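Fold and geometry: a report
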Amino acid sequence: MADPFEIASLAAAKIAELSGVKSHDIALTLGSGWAKAADLIGETVASIPATEIPGFSAPSVVGHVATIRSILLPNGKHALVLGARTHYYEGHGVRRVAHGVRTAAATGVKTMILTNGAGGIKDHWKPGTPVLISDHINLTANSPLEGATFVDLTDLYSSRLRDLARTVDETLDDGVYVQFRGPHYETPAEVQMAKIMGGHIVGMSTALEAIAARQSGMEILGLSLITNLAAGIQKTPLSHAEVLEAGREAEPRISDLLARIIAKL
Ligand code: 8IG
């Protein structure tokens, strides 16, 4: 199979060709609840169906929009918005999971913003609360890195960028993100395990992407929208419909937060 970094370069070249933007400065992966941020951060220069870019394919989850957008920010910087995340649980392997992040790096991006919808373990968090990711625990038993690639993950979720986010909203709490494989949600016992391990947020996407982003040398900001309390923390069963509803309800507020953070980068 072709080298994943070569496919990422091909994807970056295609984005440059179709958008007319030679290089990008910032990239965002927008998870559940965060999609409206793309409309607020600047002027859309190009909106490209992900299927036109090498290495991307149609997403499998309703509510995940498969477009890649180039946005001109008010400060003159260029942002690449990846609306086409591939989740590990889709079963296409870690190369496909890392492709968006590697493509961003190949377009010149130095700051990678990873957002997601996730479950909360801290019981005072309410659905609709945005939180900063401070670190992660990767429970997928996999890595996007291949071979003897020993990448340091200290301060993976940049403390500099977390501090900067708190200049926009000083009330932002943070937590350790625990990535499970999914696509099932956790059992209450698994949530208790994650809590005992030091976790505060449960999700299915961001840890593997962050590792790939660090390998590519980007600085990372991770943001979770707590759309539900994790299984057993909330007493009622989890439902995807409830998750989407919490996302929709919080969307204007968190999109505005993200736009204001990006303006400071
Ligand atoms: I949205 O409770 C969302 N994504 N693993 N657990 C996991 N992923 C999630 C959850 C959750 N909620």
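Going by the structure above, here's the rest.
A brief look at the structure comes next.

Definitions and limits used
- Residues numbered from 1 in each chain as written.
- Predicted model: local features only at pLDDT ≥ 70, side-chain atom pairs only at ≥ 80, totals over all residues.
- Heavy atoms only, no water.
- Helix = DSSP H or I, 4+ residues; strand = E, 2+ residues; numbered from the N terminus.
- Rg over C-alpha atoms; globule rule 2.2 N^0.38 Å.
- Buried < 20%, exposed > 50% of the residue type's maximum accessible area, 1.4 Å probe, protein only.
- Contact = heavy atoms within 4.5 Å.
- Areas by Shrake-Rupley, 256 points an atom, 1.4 Å probe, with all protein chains shown as cover.
- Lys, Arg positive; Asp, Glu negative; His and termini not counted.
- Charge placed at Lys NZ, Arg CZ, Asp CG, Glu CD.
- Pairing = 2+ DSSP bridges.
- Near = heavy atom within 4 Å.
- Polar contact = N/O pair within 3.5 Å; in protein donor to acceptor, adjacent residues only side chain to side chain.
- Nonpolar A, V, L, I, M, F, W, Y, C, P; charged D, E, K, R; others polar.
- 1 Å grid on protein atoms, 1.4 Å probe; cavity = no way out; pocket = protein on both sides within 12 Å on 5 of 7 lines; lining within 4 Å.
- Points joined across faces, edges and corners; volume = space filled by probe spheres on them.
- Phe/Tyr/Trp six-rings, centres within 6.5 Å; stacked < 30°, edge-to-face > 60°.
- Lys NZ or Arg CZ within 6 Å of the ring centre and 35° of its normal.
- Core = buried A, V, L, I, M, F, W, Y, C linked by side-chain atoms within 4.5 Å.
- Axes fitted to C-alpha atoms, helices over the stretch in contact; angles between N-to-C directions.
- Parallel < 35°, antiparallel > 145°, perpendicular 65-115°, else oblique.
- Left-handed = near helix turned anticlockwise from the far one by under 90°.

Here the focus is the overall build of the chain. If you tally the helices and strands in the chain, you get seven helices and nine strands. What you see for the chain is a C-alpha radius of gyration of 17 Å, in line with the 18 Å of a compact globule of 265 residues. When its C-alpha atoms are laid out on the principal axes, the chain stretches across 50 × 40 × 35 Å. Out of the 265 residues belonging to the chain, those deemed buried represent 53%. Excluding contacts between residues fewer than 6 apart, the proportion of contacts in the chain whose partners are at least 24 apart in sequence is 81%. Total accessible area computed for the chain in this model is approximately 11200 Å², and 56% of it derives from carbon and sulfur atoms. Charge centroids of the chain, computed over 23 positive and 27 negative side chains, lie 1 Å from each other.

Further remarks concern the pairing of strand β1 (residues 26-29). By the alternation rule, side chains of β1 split into I26 and L28 and A27 and T29, which are all buried. Strand direction decides the pairing type here: β1 and strand β4 (residues 78-82), joined by four bridges, are parallel. Of the residues in β4, the one forming a bridge with I26 is A79. Judged from the four bridges that link them, β1 and strand β5 (residues 111-120) form a sheet pairing that is parallel. Paired with L28 across the two strands is I113, which belongs to β5.

What follows deals with the site of the ligand. Lining the immediate surroundings of the ligand are G117, A118, G119, Y185, E186, V202, G203, M204, T227, N228, L238 and V243. The separation between a nitrogen atom of the ligand and a polar main-chain atom of G119 is 3.4 Å. When residues of the shell around the ligand are traced back to their parent elements, those giving at least two are β5, β8 (201-203) and β9 (219-229). A total of three residues in the shell around the ligand trace back to one element, the largest contributor, which is β5. Among the residues making up the shell around the ligand, the classes are represented as six nonpolar, five polar and one charged.

Going through the model one piece at a time under the given rule, you end up with one cavity of 30 Å³ or more. Taken as a whole, the largest cavity spans an internal volume of roughly 100 Å³. The wall of the largest cavity is formed by 13 residues, among which A84, R85, T86, V97 and G100 lie closest to the centre. Tallying contributions element by element places helix α3 (residues 94-106) first for the lining of the largest cavity, with five residues. Along the lines of polarity and charge, the residues of the lining of the largest cavity split into five nonpolar, five polar and three charged.

What follows deals with the packing of aromatic side chains. Evaluated as defined, the whole model comprises zero aromatic pairs. Between the NZ or CZ atom of R181 and the centre of the ring of Y88, over which it lies, the distance is 6.0 Å.

Attention now moves to unusual backbone geometry. Backbone torsion omega between G182 and P183 reads 0 degrees, so that peptide bond is classified as cis. Here P183 shows up in the loop between β7 (173-179) and α5 (188-196). Phi is positive for A141, which is not a glycine, with a value near 55 degrees. One non-glycine residue with positive phi stands out, namely D155, at about 55 degrees. Position of D155 relative to the elements: it lies in the loop between β6 (129-138) and α4 (159-168). Among the residues examined, D155 registers a relative accessible area of 39% and is labelled partly exposed.

Once that is clear, we can look at the nonpolar core. Core analysis: the biggest nonpolar cluster contains 44 residues, and F56, I68, M112 and I201 have the highest contact counts within it. In terms of residue count, helix α6 (residues 206-215) provides more of this core than any other element does, four residues in total. Ignoring sequence-local partners within four residues, the contact set of I68 consists of I15, A46, S47, I48, A50, I53, F56, L80, V81 and L82. In terms of nonpolar packing, the next biggest core, distinct from the first, is built from 29 residues, A37, I71, V81 and A259 among them.

The next subject is the packing of α3 against α6. Running from amino to carboxyl end, α3 crosses α6 at an angle of 55 degrees, the nearest separation of the two axes being 9 Å. Taken together, the axis directions place α3 and α6 in an arrangement best described as oblique. The crossing of α3 and α6 is right-handed. For the pair formed by α3 and α6, the contact residues are V94, V97, A98, V101 and R102 on the first element and L208, E209, A212, A213 and Q215 on the second. Class assignment of the residues belonging to the contact of α3 with α6 gives a composition of seven nonpolar, one polar and two charged.

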